Amino acid sequence: MTSSASVAELVSDGERSVSFEFFPPKTDVGEANLWRAIRDLEPLAPTFVSVTYGAGGSTRDRTVRLTGRIATETSLLPVGHLTCVGATDVELLEVVRAYREAGVNHVLALRGDPDGGPGAPWSSHPGGLEHADDLVRLIRSEGDFTVGVAAFPEGHPEATSLADDAKVLLAKQEAGADFAITQFFFHPDDYFRLVERAAAMGADLPIIPGIMPVTNVSQIQRFAQLAGAAFPAEVADRFHSVGDDPQAVIELGVEVAAQMCQALLDGGAPGLHFYTLNRSTSTLRVHELLGLGDLPA
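The rules behind the values
- Residues numbered from 1 in each chain as written.
- Predicted model: local features only at pLDDT ≥ 70, side-chain atom pairs only at ≥ 80, totals over all residues.
- Heavy atoms only, no water.
- Helix = DSSP H or I, 4+ residues; strand = E, 2+ residues; numbered from the N terminus.
- Rg over C-alpha atoms; globule rule 2.2 N^0.38 Å.
- Buried < 20%, exposed > 50% of the residue type's maximum accessible area, 1.4 Å probe, protein only.
- Contact = heavy atoms within 4.5 Å.
- Areas by Shrake-Rupley, 256 points an atom, 1.4 Å probe, with all protein chains shown as cover.
- Pairing = 2+ DSSP bridges.
- Axes fitted to C-alpha atoms, helices over the stretch in contact; angles between N-to-C directions.
- Arc of directions from axis to C-beta.
- Core = buried A, V, L, I, M, F, W, Y, C linked by side-chain atoms within 4.5 Å.

> Explain the overall build of the protein to me, please; I cannot follow it from the model alone.
On a plain count of helices and strands, the protein comes out with 11 helices and 8 strands. Here the protein has a C-alpha radius of gyration of 18 Å; the compact-globule value for 297 residues is 19 Å, and the two agree. Here the C-alpha coordinates of the protein stretch approximately 50 × 45 × 40 Å along the principal axes. With 297 residues in all, the protein has 54% of them scored as buried. A separation threshold of at least 6 residues defines the contact pool for the protein, and within that pool the share at least 24 residues apart is 79%. Summed over its atoms, the accessible surface of the protein is roughly 13000 Å², and 50% of this surface lies on carbon and sulfur atoms.

> Just to check I follow, could you spell out the sheet that holds strand β3 (residues 78–83) for this structure?
Pairing between the strands of a sheet comes from backbone hydrogen bonds, and it takes one of two forms, parallel or antiparallel. If you trace the 8 strands once around the closed barrel, you get β1-β2-β3-β4-β5-β6-β7-β8, paired in parallel fashion. The average undirected angle you get between the axes of adjacent strands in this sheet is 30°. The pairing of strand β2 (residues 48–51) with β3 spans 3 bridges and is classified as parallel. Along β3, the bridge assignment pairs V49 with P78. Helix α3 (residues 60–73) contacts β2 and β3 of the sheet and is inclined by roughly 165° relative to β3. Across the face of the sheet, helix α4 (residues 89–101) comes into contact with β3 and β4 (106–110) while running at roughly 175° to β3.

> Even after reading the chapter, I still don't get helix α9 (residues 233–240), so can you show me in this structure?
Residues spaced three or four apart along an α-helix point in a common direction, a consequence of the helix completing one turn every 3.6 residues. Along α9, the positions that sit buried rather than exposed are V235, A236 and F239. Buried residues of α9, seen end-on, are gathered within an arc of 95° and therefore sit on one face of the element.

> Is there a simple way to explain the nonpolar core in this structure?
Generally speaking, a soluble globular protein has its nonpolar side chains buried in company with each other. Among the nonpolar cores identified, the biggest contains 63 residues, and L82, L135, I139 and I207 are the most heavily contacted of them. Ranked by residue count, the leading element in this core is helix α10 (residues 246–266), at 7 residues. Ignoring anything within four residues of it in the chain, the contact list for L82 reads Y53, L92, V95, V96, V107, L108, A109, L110, L135 and I139. Grouped together as the second largest cluster of nonpolar side chains are 31 residues, L110, F231, F239 and L252 included.

> Would you mind going over unusual backbone geometry with me for this structure?
The phi angle of most residues is negative, glycine excepted, and most peptide bonds adopt the trans form. Within the chain, A45 stands out as a residue other than glycine whose phi angle is a positive 50°. Structurally, A45 can be placed in the loop between α2 (28–41) and β2. In this structure A45 comes out as partly exposed when scored by relative accessible area, which is 23%. Phi angles above zero are rare outside glycine, and N278 is one such case at about 65°. With respect to the secondary-structure elements, N278 resides in the loop between β8 (271–275) and α11 (281–290). Residue N278 is classed as buried on the basis of its relative accessible area, which comes to 10%.

Below you can see the structure in the form of structure tokens.
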């Protein structure tokens, strides 16, 4: 049984939003681990949780099913992901309707990575959509959906400039987006500069910073490279100094994430969105260190 308020309302009401992102596992064991993480985090009463969409829409059915299970079997408000990749507009509408039938009325609308992966040239699917703002309009055309979009503190890798990147975010808002979640980053100032650029362009939708606590140095470096995000040398050096001790890496990841989260909240960020990688331990520790207490359900 989920909250009747939308994410946009919950993140705009003056309360701190905390949310968690999961990805659809490929195996039954992975799915059991995912549900363990969901149940571990559920008592924190997050504002919402989201379930990602695999590359090229490869996990479409599993994503819709898992998001629907969250809607019906937990107290959490689920946000399903949807990308433009590998689907016609008719097929995308079918997914939107499948979400609605599953009891999900929040969707994160993403263009998605090119078929060749990050860095490859983008080409829309035949009969499909070109940009995320097109997908926002398509979702909104289906009725009472709350729509989120992506934002990029360091600029989208394909953006010609940071100003152009802010214009894209404005276009998503004008298409009907209600809130944005950022790509993960490591400098709070990158987030605050994004908010300033967006506001200067006229985009005033809530922008929730995305946080990924480091648990594995080589993994976070790979993720950062794929996402076009910087893993700053001064941060990397701290992790490499304890790189031979996996537990020390996790502990440092919690410390670094908690410090950054506190700076974001102190600076006025409306909340925090944790990329959990389907694990709960580091997120729970960061939450504890921040002393967030009871969150809006």
